[in-house]
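As a plain string of letters, each chain reads:
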Amino acid sequence: MKQSKLWVLLGLFVLSIFLGSGGLANFLVPPSHARMVEEIQQQSPKTPQNFAAARGKQDFPPFEEIVKNAEKQEGLFPLYQTQDKGKLYLEIPPDRLDRDYLCIITLSRGLGEGFLLNGLSLDNFLFRFRRVGDKVQFVLPNINFRADAGDPVGRSLVSSFSDSVLYVLDIQSIHPERQSLLVDLSDLLLSGDDLAGLSQLLSSVLGNSYVLDGDKSYFGETQAFPLNLEIEAIYGFSAKGNLDSAIELPTVPDRRAFNLAIHYSFSELSANNGYVPRLADERVGYFISAYKDLSNNRDPEPFVRYIQRWQLEATQPDADISTPKQPIVFWIENTVPLEYRQAVRDGILMWNAAFEQAGFKEAIAVQQMPDDATWDPADVRYNTIRWSSSLDAAFLGIGPSHVNPLTGQILDADIVIDANVVRSLREDYQDWVTLNQPDTGTSSLLGSLCGKEDGGNSEERAEWGATRSLAARLVERDDLCFGFDAKQQFNVGAIAQELSSDSADLDKYINQFIRYLVAHEVGHTLGLRHNFHGSTLLMPQQLNDTSLTQTQGLVSSVMDYVGVNLAPQGVQQGDYFPIVVGPYDRWAVEYGYKPSGANLPELERRFLEEIARRSSQSELDYATDEDVFGFLDPQVNTFDLSADVLLYAQWQMDNAKVMWERLPQRYPKAGEGYSEMRGKFNAIFSYYFQQAIFVSNYIGGSYFNRDRPGNPNARLPFEPVPVEKQREALTVMQKYVFSPEALNFPPELLNQLAPSRWNHWGASPSSVNLDYPILDNILLLQRRILRSLLSEERLQRLRNLELKTEPEGALTLPELFETLQEGIWTEVWQPREENLNISSIRRAIQREYLDMLVKMVLRRSRVPEDARTLAWYQLDRLEERIDETLGRYGEELDAYSSAHLAESRDRIAKALDAPLESKGRGKAKGRMGE
């Protein structure tokens, strides 16, 4: 009771302080959204001014005395920079206090590895300068909660929600005539608690080994324009303490110190530019700016969601198709290699076909940045395609845009393409990267990489925690995980080219990939989210028909992570990657950009519904990141292809086997080492692994649809995968993953897989597995598939699907257990007298299977109770079969097989006889019926 009273008193005290600060009174949204920005900006809190007056006038040093040795630049805010670059003063006119401005933060000079690449967008947000006494606060206003102007509920905003005051700057001087305030931007941009959050970012990536060194930090180039300021800050970082445990930094000369540069863009938000926010629809995938409307008590959904898009206005509003008054212009940075500029240009302009469906002709234009350009690509006035060099980037491309969060209007975009996009053709997969990741048993390689799925033990999660949290934050906002899987796809396609009888298409292959990659990132800067359903447009038999792929499209959306299209053996190769946008892309752009003629978002509802209700057409299916990571839909994957992934995956695993067969015929080349051969072998292995995961997703899977009632041909939200498809997937698993013949390689090939032995900065020889660990890699593949099939989540899905399908229409748990056991333990269920011995690969997966079922029986793993009883039943049957096999063929088996079967039989017997702890009832006997 005393504690609750204390909290009440404390709350009243804080409330009394906040009520005197102006709070959120200036965020009351008027009924007219067209006047929203203007009225929000014009409202200003009065209390801080009164508070300043109450404190009395303070004497400041003369204004001109402070800036007398500084160079002045006129602009949005006047800037004064000293010659030594150590000081940068900002002059704030009185009428520019308490107004909203946009801050865009970009990493302009990076370290050339990991996430720290130049051009990486770090953040963008609204801010205000607020005077309180002799201080100026740097304030991030709270725009998440709003109310109509004049609505009494708006008064509750002040007492319910807080702004964020990030920094407090001392007023250095006040101009005697203009009454403008002078502040030192060093306190804001060069302080230890830097605005860009670099210290926190480096802590996530590099650990707590480096601190911001003020003596090594300074301002770079600054430019002031009427509507924006462009400021570069160079940050010096120095090592802190012992670096023995710190991460290696091969891209810097000495890891005890390095520099990073941040480009800050401060720009004004135009209040009356005629932009009308557009309401979002969950059937169409756009990034969203959302707020909670406290004045809306009519609708069950209190959130207002605006899509993020550019402002396009037709020069001829009454025409069916018109050029825009101002097209969206992208500049190709002068760092892009000459031989790839056309592919980059084509990738950008690919989207004009989509805008034609929205009523705009030539909505997007492309310009080439001159070699002698004096402007910075990070300048907010330019949308750029940048080419970033690195040693080993975490991604191939990233497409962030910068948005007015009040309305969703996109104001600027800068796409970064890693230069390794081509160099990765020579990527050295010395050690298969999946071996070094936590063994989560998840159904998505991308999920394992980006941390979107749980799994692994606590130590593994702790080890990957910092990197995963950073990756997850950036992938949600900026599409950052177009990384290892994309490199693998690119590499495998190139390997297939090199190993084919006709490798003349390599240039075509590279340019198609760059074109698709750029188009994907441009799509993000147009406001579009991923659509991982986009790859299901065509049937496998249609994928290499260029009369379809170059008109209708290879996929329905380039916003998917599209797998490389490798034709099956005996089929003429078509396009490797999409070269036109698909039907979903055109439909999504129509929803986002087609003019309605309305001047208020609410008046567009019927217009937008007519477009969105076409979502039940199969070519317009949409599924995004949360659908990949949160649900088992076999048609929603990253880097799959076709409307029948089950068939296509088999074709690709067959392609992988052909590539393995051809590998010794082409490599190693005379005079070269064997390391390239090892890298290509591993790239193919990873590709094979991924196809197996696609097949496994059919088992216990369901299709998810976003249709709404009333849509033409509307489907139910969930459609279980037909049992015939699930059984076929189990059969494919047995053939390509668990079968004794699935992964057999000639010893001569395996003994050629030697790693590189170079040892210098940027290249270090592997200290483990000098010889190739083939058994470990095969077991890794089999183990992950098996653990996924028998995971608690999968078993729960299967059990629930029995209630969601008609009788005999579901794959039951007994059928799954029986099929797996008879496939993995074929040697005892269907022994072949001509070859009774069990290979090392088979013994390994049989031990893994046995271990999983024993843990179920002994309650050492979390599974449904029905699964435990089935595990007990299958172990009992297996023990009997092993006993029969040893009794009948024991003398004909080799020592490996005899020992393996005898030990397995003994282990099963002990597990089944083990006493089980029963809470409150002592110990229960293991054998049923005893």
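Residues numbered from 1 in each chain as written. Predicted model: local features only at pLDDT ≥ 70, side-chain atom pairs only at ≥ 80, totals over all residues. Heavy atoms only, no water.

A. Inspection of the overall build of the protein chain at higher detail. For the protein chain, the helix and strand inventory stands at 29 helices and 27 strands. Classification of the 930 residues of the protein chain by burial places 56% in the buried group. In the protein chain, 75% of the contacts between residues at least 6 apart in sequence involve partners at least 24 apart. (Helix = DSSP H or I, 4+ residues; strand = E, 2+ residues; numbered from the N terminus. Buried < 20%, exposed > 50% of the residue type's maximum accessible area, 1.4 Å probe, protein only. Contact = heavy atoms within 4.5 Å.)

B. Region of interest: the nonpolar core. Residues Ile348, Trp351, Phe355, Phe681, Phe738 and Leu790 are the most contacted members of the largest nonpolar core, which totals 172 residues. Not counting chain neighbours up to four residues away, the residues in contact with Trp351 comprise Ile364, Ala519, Val522, Gly523, Leu526, Leu528, Val558, Met559, Val581, Asp585 and Val589. Among the nonpolar cores identified, the runner-up in size contains 55 residues, and Phe77, Val136, Phe138 and Leu188 belong to it. (Core = buried A, V, L, I, M, F, W, Y, C linked by side-chain atoms within 4.5 Å.)

C. Examining the sheet that holds strand β5 (residues 101-109) more closely. Pairing within the open sheet is antiparallel, and its 11 strands lie in the order β2-β3-β4-β11-β10-β8-β7-β5-β14-β13-β12. Where the open sheet ends on each side, the last strands, each with one partner, are β2 (70-73) and β12 (210-224). Averaged over all neighbouring strand pairs, the angle between strand axes comes to 30°, with direction disregarded. Examined bridge by bridge, strand β8 (residues 135-140) and strand β10 (residues 164-174) share 6 bridges and lie antiparallel to one another. By the bridge assignment for β10, Val139 is matched with Val165. Across the sheet, helix α7 (residues 198-206) touches β7 (120-132), β12, β13 (228-239) and β14 (257-268), and the angle it forms with β14 is around 135°. (Pairing = 2+ DSSP bridges. Axes fitted to C-alpha atoms, helices over the stretch in contact; angles between N-to-C directions.)

D. Highlighting the packing of helix α25 (residues 813-824) against helix α28 (residues 865-889). Contact geometry of α25 with α28 gives a least axis separation of 10 Å together with a crossing angle of 35°. Note that α25 runs across α28; the crossing there is right-handed. Of the residues in α28, those touching α25 at Leu813, Pro814, Phe817, Glu818, Gln821 and Glu822 are Asp866, Ala867, Leu870, Ala871, Gln874, Leu875, Arg877 and Leu878. Looking at side-chain class alone, the contact of α25 with α28 contains 8 nonpolar, 2 polar and 4 charged residues. (Left-handed = near helix turned anticlockwise from the far one by under 90°. Nonpolar A, V, L, I, M, F, W, Y, C, P; charged D, E, K, R; others polar.)

E. Inspection of the packing of helix α20 (residues 675-696) against helix α21 (residues 723-738) at higher detail. Close contact between α20 and α21 brings their axes to 9 Å; oriented N to C, the two are set at 160°. When the axis of α20 is compared with that of α21, the two are roughly antiparallel. Between α20 and α21 lies a crossing whose hand is left-handed. Contacts between α20 and α21 involve Tyr688, Ala692, Val695 and Ser696 from the first element and Ala729, Val732, Met733, Tyr736 and Val737 from the second. (Parallel < 35°, antiparallel > 145°, perpendicular 65-115°, else oblique.)

F. Representation of the pairing of strand β4 (residues 88-92) in the model. For β4, a buried count of 5 out of 5 residues is recorded, marking the element as mostly surrounded by other parts of the structure. The alternating pattern of β4 places Leu88, Leu90 and Ile92 and Tyr89 and Glu91 on opposite faces, both of which are buried. Where strand β3 (residues 79-82) lies against β4, 3 bridges are found, and the strand directions are antiparallel. Looking at the pairing, Leu79 lines up with Leu90 of β4. Between β3 and β4, which pair antiparallel and follow one another directly, the connecting turn spans 5 residues, one of which, Lys85, has a positive phi of 65°.

G. Quick look at the confidence of the model for the protein chain. Within the protein chain, residue pLDDT values average 84, and 83% of them lie at 70 or more. A low-confidence stretch, residues 1-56 stays under pLDDT 50, and its non-local contacts, those more than four residues away or across chains, total 107 contacts. Under a pLDDT of 50 for its full length, residues 426-473 has, in the predicted model, 104 contacts with residues more than four places off or in other chains. (pLDDT = per-residue confidence, 0-100.)

H. Fine view of the pattern of salt bridges. Applying the stated criterion across every chain, the model contains 42 salt bridges. Ionic pairing is found between Arg99 and Glu268, a salt bridge with its closest N-O pair at 3.7 Å. Note that Arg99 is positioned in the loop between β4 and β5 and Glu268 in strand β14, a separation of 169 residues in sequence. Overall, the relative accessible area of 23% leaves Glu268 in the partly exposed class. For the salt bridge of Glu590 with Arg614, the shortest nitrogen-to-oxygen distance reads 2.8 Å. In this pair, Glu590 sits in helix α16 (residues 583-593) while Arg614 sits in the loop between α17 (605-612) and α18 (625-630), placing the two residues 24 residues apart along the sequence. The exposure class of Glu590 is buried, given its relative accessible area of 6%. (Salt bridge = Lys/Arg side-chain N within 4 Å of Asp/Glu carboxyl O.)

I. Structural detail: the pairing of strand β23 (residues 410-418). Most of β23 is tucked away, with 8 of its 9 residues classed as buried. Strand direction decides the pairing type here: strand β19 (residues 383-388) and β23, joined by 5 bridges, are parallel. Within β23, the position partnered with Trp387 by the bridge is Ile417. Relative to β23, strand β21 (residues 397-398) runs antiparallel, the two being bridged by 2 bridges.

J. Region of the structure containing the environment of Asp866. As for its position among the elements, Asp866 is in helix α28. Residues Asp866 and Gln796 lie 70 residues apart in sequence; the distance between their C-alpha atoms is 9.8 Å. Setting aside its immediate chain neighbours within four residues, Asp866 contacts Arg799 and Leu813.

K. View of the environment of Pro814. If you trace the backbone, Pro814 turns up in helix α25. With a relative accessible area of 39%, Pro814 lands in the partly exposed category. In this structure, the C-alpha to C-alpha distance between Pro814 and Thr869, residues 55 residues apart in sequence, is 9.9 Å.

L. Local environment of the packing of aromatic side chains. Scanning all chains against the criterion turns up 41 aromatic pairs. Between Trp375 and Tyr382, the ring centres sit 3.8 Å apart and the planes meet at 5°, which makes this aromatic pair stacked. An aromatic cluster of at least three residues, connected via ring pairs, comprises Phe77, Tyr101, Phe125, Phe127, Phe129, Phe138, Tyr167, Tyr264 and Phe266. Sitting above the plane of the Phe63 ring, Arg178 keeps its charged end 5.8 Å from the centroid. Seen from the ring of Tyr896, Arg843 lies directly overhead, with NZ or CZ sitting 4.2 Å from the centre. (Phe/Tyr/Trp six-rings, centres within 6.5 Å; stacked < 30°, edge-to-face > 60°. Lys NZ or Arg CZ within 6 Å of the ring centre and 35° of its normal.)

M. Examining helix α24 (residues 792-804) more closely. Spanning 13 residues, α24 covers 18 Å between terminal C-alpha atoms, matching the ideal 18 Å at 1.5 Å per step. Taken together, the buried positions of α24 are Arg794, Leu795, Arg797, Leu798 and Leu801. Angularly, the buried residues of α24 cover 155° about the axis, an arc narrow enough to put them on a single face. Among the exposed residues of α24, those pointing more than 90 degrees away from its buried face are Glu793 and Leu803. (Expected span 1.5 Å × (residues − 1). Arc of directions from axis to C-beta.)

N. Summary view of unusual backbone geometry. For the bond from Tyr667 to Pro668, the omega torsion is -5°, close enough to zero to count as cis. Looking at the secondary structure, you find Pro668 in the loop between α19 (645-666) and α20. Located in the positive-phi region is Ser642, a residue other than glycine, with phi close to 90°. By secondary structure assignment, the location of Ser642 is in the loop between α18 and α19. Of note in this structure, Asn713 is not a glycine but carries a positive phi near 55°. Structurally, the position occupied by Asn713 is in the loop between β24 (702-704) and β25 (718-720). On the basis of relative accessibility, which here comes to 72%, the residue Asn713 falls in the exposed class.

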